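Here is how the chains run, residue by residue.
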Amino acid sequence: MAEEREILVKVEGVSKKFCKNLKRSLIYGGGDILKGFVGKEKTKGLRKDEFWAINNINFELRRGECLGLIGHNGAGKSTLLKMLNGLIRPDEGKIEMRGKVGALIELGAGFSPILTGRENIYNNGAVLGFSKEEIDLKFDEIVAFAELKDFIDTPVQNYSSGMKIRLGFAIAAQMEPDILLIDEVLAVGDMGFVLKCFNHMDKLLRKSAIILVSHSMPQVVRMATDLLVIEKGKQQFYSKEIGDGVNLYYSKFGSDIGNFETNDKAELIQVEIKNIHKEVVKINGKVLLDPYQPVEVKVIINAKINIDNPAIYLIFYDKEQRSFAEVNNYSESDCIESLEKGKNYEFLATFDSLQFSRGAYSLSIALGENSPGKREAIFRIQSALFFQVDNHHHGWAPIQFLPKWEVRS
Amino acid sequence: MSESESKIKIYLPSNHDSALSLFKSVFQGFRKGHDLGFRLFKRDLKASFEGSLFGYFWIIFPPLASAAVWIMLNQQRLIKVTDTGMSYIAFALLGTTFWSIFSESINKPTQRYKSAMSMMVKLNFPREAIAISSLYDLTFNAILKLIVLTCLLSFTDEIFSVKWLLLIPLCLGVIVVGISFGLLISPFGILFSDITRIINLALPFLMYLSPIVYAIQPDSLLGKFQYLNPITPWVEHARWCIGNLTHHGQSMLIIWLVISFLLSLTGLMMLKVALPIIVERSGS
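Counting starts from 1 at the beginning of each chain's written sequence and moves along it residue by residue. Labels are handed out in written order, letters beginning with A for the chains and numbers beginning with 1 for the ligands. The predicted nature of this model means local features are confined to residues of pLDDT at least 70 and side-chain atom pairs, given and counted, to a pLDDT of 80 or more, with totals for whole chains, interfaces and linings taken over all residues. Think of the side-chain values as coming from all heavy atoms in the structure, minus any hydrogens and water.

### Notes on the overall build of chain A
Every helix listed is a DSSP run of H or I at least four residues long, and every strand listed is a run of E at least two residues long, numbered separately from the N terminus. Along chain A, the regular secondary structure elements total eight helices and 20 strands. Each principal axis of the C-alpha atoms in chain A carries an extent, and together these give about 80 × 60 × 55 Å. When accessible area is computed with a 1.4 Å probe and restricted to protein chains, residues below 20% of their type maximum are described as buried, those above 50% as exposed, and intermediate ones as partly exposed. Every one of the 409 residues in chain A was classed for burial, and the buried ones make up 52%. For this analysis, residues touch if any pair of their heavy atoms sits within 4.5 Å. Pairs at least 24 residues apart make up 74% of the contacts formed inside chain A by residues separated by at least 6 positions. In the form shown here, chain A has an accessible surface area of approximately 19600 Å², with 50% of it arising from carbon and sulfur atoms. Positive: Lys, Arg. Negative: Asp, Glu. His and the chain ends are not part of the count. We put the charge of a Lys on NZ, of an Arg on CZ, of an Asp on CG and of a Glu on CD. Taking the average location of the 53 positive side-chain charges in chain A and that of its 55 negative ones, the two points are 6 Å from each other. Here the Shrake-Rupley method, with its probe set to 1.4 Å, supplies the accessible areas, and only the displayed protein chains count as covering residues.

Below you can see the structure in the form of structure tokens.
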């Protein structure tokens, strides 16, 4: 690798407090403004009804790096971005931003619905700091990027939300920032456009530092070189091991097992996964599997009606909520004739190994009736079980085979 | 996107910067935000009368209506206004037009900053652009009002002379004075909507305390106070332009311009301190 590139973003012990009560928040605000005028310090610590929306965040970002910023809704990601963008000030700590900052936040903020796309390009460009001459030069490129040639003289109120985003991105994409802040902007927009945006960001990444807020893990994994997980304003994870961070993020979601919804046809009583010959090890309340040892999955179901030719499905999901493996009991020998009303049945599936990559997975379970001429779903329970796999062979693809290699020449 | 932006920015908790650095950043904001200010003005002008049948008429209507009431009252002898030295119609029209420009100028900055809040919580652009767009907005409206005023005045007994052109700088002066109060109020006006309500409650009252629909009575106590009223010198000079009324020297004009400049600067510096605090309380 070449020598370390320069640090563009430096965040040291940054905190921000917010007030839950609006009236009080306004009063505190008025007080803080007055104190600012007369040169008095703001109150340190929390006042009544206040809480830390961002609490002691630290990170550094160099040119060419991309920090993925993930966390649940309300974790404080956008607040942090606002501070980095200089819209609001931290209450504690220090932020250093080196170079020109560009933000892809709320694309098309400032679009006026009744004006045409053309007029809005100039207006929005001016908000982003372009002069009229600069936009004149880039105008055709913007329109081409947004793929809106035919509608450029149409009022923006007649655009679809995807078209607005496209126009907004195309304008903002003309910035050549040293630091680029991106907040969940590509949620709308069709596949083709999103890919185009990513290619563009890849280009930007070569010469700038990017901070990306997203709930889409594939997006984060694709872009990020560093990952910061925030929970309730606190820094939970900060490392270059993106996969670990994403696992942690996913592990926060609904790991309470056994709380299955019932319906009037059948009930899922219990789901279990374990290595057959090993003691069960748990991490964060979830079973940790050895992928190269035999594994069994046990599912207990209570039938509330008579079900002929029951078919059970086990569907494995990876951390991106992608289903990548599935088993069922379709083949004759796996079938049982019928489930009797009121009885519990235990289904046991054993695997020689589950050669999954290291990470968090979930298992969804579905039950159906599979009689000739009649296929009916009885229930489908998403994420009935979460488990982790500990594999020293790990990559982004969820399945990691261990083939026998032979090399011939 | 100028080269000067590629410098280090440091954000610290402290909510007060030295007056000098605030002054510098206000100055910078004006330099960088000028184009944007003009664009925002144009954008909002186009947008504001979309969906309105009468369009620009709404800008000129309020002073005309207010003048019409007073002219009517005066003609019916319902009230007795002492000799104004010119036709009362011209007198009242001038007064109410100037007053409406003044009161609009007081409200404009708060109003504009409030409506730009949705942009300010998302984007970092020179906030001074909003002040600049307010200035353009007010000037445009004032010129429109002046044109209508001149047309109406030519139907009265007054005879057009070159002196009438002085109405333009006088008008601009009123805007400068008004906007300086407006800017000073705006940090709190944006945060608390109560401020706007109080001002709109107080303005009509203040109008009757000012020599808008009547001439100054130099001997009365009120008359003496009225010489300290920021609107007085401008209105008096305007009347002097139209109808040869005596005025009380140019010194008050200069004094108020200087005061306004200082007030505006203070207001803008206060906004610099206040806006981040307001933005964090405005949600997204």
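Read on, since the account is not over.
### A few points about the overall build of chain B
Counting secondary structure elements, chain B contains ten helices and one strand. Sequence-ordered secondary structure for chain B, helices as α and strands as β, is β-α-α-α-α-α-α-α-α-α-α. Computation of the radius of gyration draws on C-alpha atoms, with the globule rule given as 2.2 Å multiplied by the number of residues to the power 0.38. Computed over the C-alpha atoms, the radius of gyration of chain B is 21 Å, within 12% of the 19 Å expected from 2.2 N^0.38 for a compact globule of 284 residues. C-alpha extents for chain B along the principal axes are approximately 65 × 45 × 35 Å. The proportion of buried residues among the 284 residues of chain B is 50%.

### Things to note about the sheet that holds strand S13 (residues 295-303) of chain A
All names here are of chain A. Sheet architecture is open: three strands sit in the order S10-S13-S18, paired in antiparallel fashion. On the outer flanks of this sheet lie strand S10 (266-275) and strand S18 (344-351), each paired with one strand and no other. Geometrically, the sheet is characterised by an average inter-axis angle of 15 degrees between neighbouring strands, direction not taken into account. Note that S10 and S13 share nine bridges and pair antiparallel. Two strands pair under a simple rule: DSSP has to find at least two bridges between them. Structural elements are reduced to axes, namely lines fitted to C-alpha atoms, with helices fitted over the stretch in contact, and the angle between N-to-C directions of any two is expressed from 0 to 180 degrees.

### Quick look at the interface of chain B and chain A
Between chain B and chain A, the contact holds 43 residues from the first and 59 residues from the second. Buried surface at the junction of chain B and chain A, both sides included, amounts to about 4600 Å², of which 62% is carbon and sulfur. For salt bridges, the criterion is a side-chain nitrogen of Lys or Arg within 4 Å of an Asp or Glu carboxyl oxygen. Our enumeration of links across chain B and chain A arrives at three salt bridges. In this structure, the salt-bridge partner of Lys46 of chain B is Glu119 of chain A, at a minimum N-O distance of 2.4 Å. Distance and chemistry together define a polar contact, namely a pair of N or O atoms within 3.5 Å, with one atom able to donate a hydrogen and the other to accept it when in protein, and with adjacent residues in sequence counting only for side-chain atoms on both sides. At the boundary of chain B with chain A, the tally comes to seven residue pairs in polar contact (both at pLDDT 80 or more). Among the secondary structure elements, those contributing two or more residues to the side of chain B that touches chain A are strand S1 (8-11), helix H1 (19-48), helix H4 (117-120), helix H6 (167-191) and helix H10 (251-280) of chain B. Each residue is assigned to one of three groups, with Ala, Val, Leu, Ile, Met, Phe, Trp, Tyr, Cys and Pro labelled nonpolar, Asp, Glu, Lys and Arg labelled charged, and all others, Gly among them, labelled polar. Per-class residue counts for the side of chain B that touches chain A are 24 nonpolar, seven polar and twelve charged. Accessible area, probed at 1.4 Å, shrinks when two parts are joined; the buried area is that loss added up over both.

### Thoughts on the packing of helix H1 (residues 22-38) of chain A against H10 of chain B
The geometry of H1 of chain A relative to H10 of chain B is characterised by a closest axis approach of 9 Å and an angle of 150 degrees between their N-to-C directions. Judged by the angle between their axes, H1 of chain A and H10 of chain B are roughly antiparallel. Every pair of crossing elements has a handedness; the one defined by H1 of chain A and H10 of chain B is right-handed. Across the interface between the two elements, Gly29, Asp32, Ile33, Gly36 and Phe37 of chain A of H1 of chain A pack against Met270, Val273, Ala274, Ile277 and Ile278 of chain B of H10 of chain B. Class assignment of the residues belonging to the contact of H1 of chain A with H10 of chain B gives a composition of seven nonpolar, two polar and one charged. When an angle is under 35 degrees it counts as roughly parallel; over 145 it counts as roughly antiparallel; between 65 and 115 it counts as roughly perpendicular; any other value is oblique. What makes a crossing left-handed is the near helix being turned counterclockwise from the far one by less than a right angle; a clockwise turn instead makes it right-handed.

### Notes on the confidence of the model for chain A
Detailed conclusions should not be drawn from predicted coordinates in areas where pLDDT is low. All names here are of chain A. Across the chain, each position has a pLDDT score giving the predictor's confidence in that residue, from 0 to 100. In this model, chain A carries a mean pLDDT of 85, and residues with pLDDT of at least 70 account for 94%. Looking at the elements of chain A, mean pLDDT is at its lowest for helix H8 (residues 242-251), recorded as 76, and at its highest for strand S2 (residues 50-62), recorded as 93. Throughout residues 255-259 the model reports pLDDT below 50, and contacts reaching past four residues in sequence, or to other chains, amount to five contacts.

### Focus on the nonpolar core
By convention a nonpolar core is built from buried Ala, Val, Leu, Ile, Met, Phe, Trp, Tyr and Cys residues, the set being connected through side-chain atoms within 4.5 Å. Among the nonpolar cores identified, the biggest contains 106 residues, and Val9, Phe59, Leu80, Leu84 and Ile211 of chain A together with Tyr113 of chain B are the most heavily contacted of them. When residues of this core are assigned to their parent elements, the largest contribution, ten residues, is made by H10 of chain B. The residues contacting Tyr113 of chain B, other than those within four sequence positions of it, are Met120, Arg127, Glu128, Ile130, Ala131, Leu183, Ile190, Leu268, Leu271 and Leu275 of chain B. If you look at the next biggest cluster of nonpolar residues, it comprises 43 residues, including Ala67, Ile71, Ile175 and Tyr214 of chain B.

### Observations concerning the packing of aromatic side chains
Residues and elements named next belong to chain A. Two rings belonging to Phe, Tyr or Trp (six-membered ring only in the last case) form a pair when the distance between their centres is within 6.5 Å. Interplanar angles under 30 degrees mark stacking, angles over 60 mark edge-to-face geometry, and anything in between is tilted. In total, this model carries 22 aromatic pairs over all chains according to the counting rule given. On the numbers, 5.4 Å between centres and 75 degrees between planes, the contact of Phe316 with Phe356 is edge-to-face. Here the residue Phe316 occupies a position in strand S15 (residues 310-317), and Phe356 occupies one in the loop between S18 and strand S19 (359-371), the gap between them amounting to 40 residues. Taking the relative accessible area as the measure of exposure, Phe316 reaches 2% and is therefore buried. Pairwise contacts between aromatic rings join Phe316, Phe324, Phe351, Phe356, Tyr361 and Phe387 into one cluster.

### Points about helix H5 (residues 161-172) of chain A
An α-helical turn contains 3.6 residues, so a residue and the one three or four places further along point in the same direction. Residue and element names in this part refer to chain A. Here the expected length of a helix is defined as 1.5 Å per residue gap, with one fewer gap than residues. With twelve residues, H5 should cover 16 Å at 1.5 Å per step; its first-to-last C-alpha distance of 16 Å lies within 8% of that length. H5 sits mainly inside the fold: ten of its twelve residues count as buried. Those residues of H5 lying buried are Gly162, Met163, Ile165, Arg166, Leu167, Gly168, Phe169, Ala170, Ile171 and Ala172. On its buried side, H5 packs onto strand S5 (101-105), helix H3 (117-127), helix H4 (132-146) and helix H6 (191-207).

### Some words on the packing of helix H3 (residues 88-115) of chain B against H6 of chain B
Residues and elements named next belong to chain B. Between H3 and H6, the shortest axis-to-axis distance is 7 Å and the interhelical angle comes to 35 degrees. H6 is crossed by H3, and the crossing has right-handed handedness. For the contact of H3 with H6, a count of residues per class yields 18 nonpolar, six polar and one charged.

### Considerations on unusual backbone geometry
What is expected of a backbone is that most residues other than glycine have negative phi and most peptide bonds are trans. A positive phi angle, close to 55 degrees, is found at Glu147 of chain A, a residue other than glycine. Summarising the element assignment, Glu147 of chain A is placed in the loop between H4 and H5.

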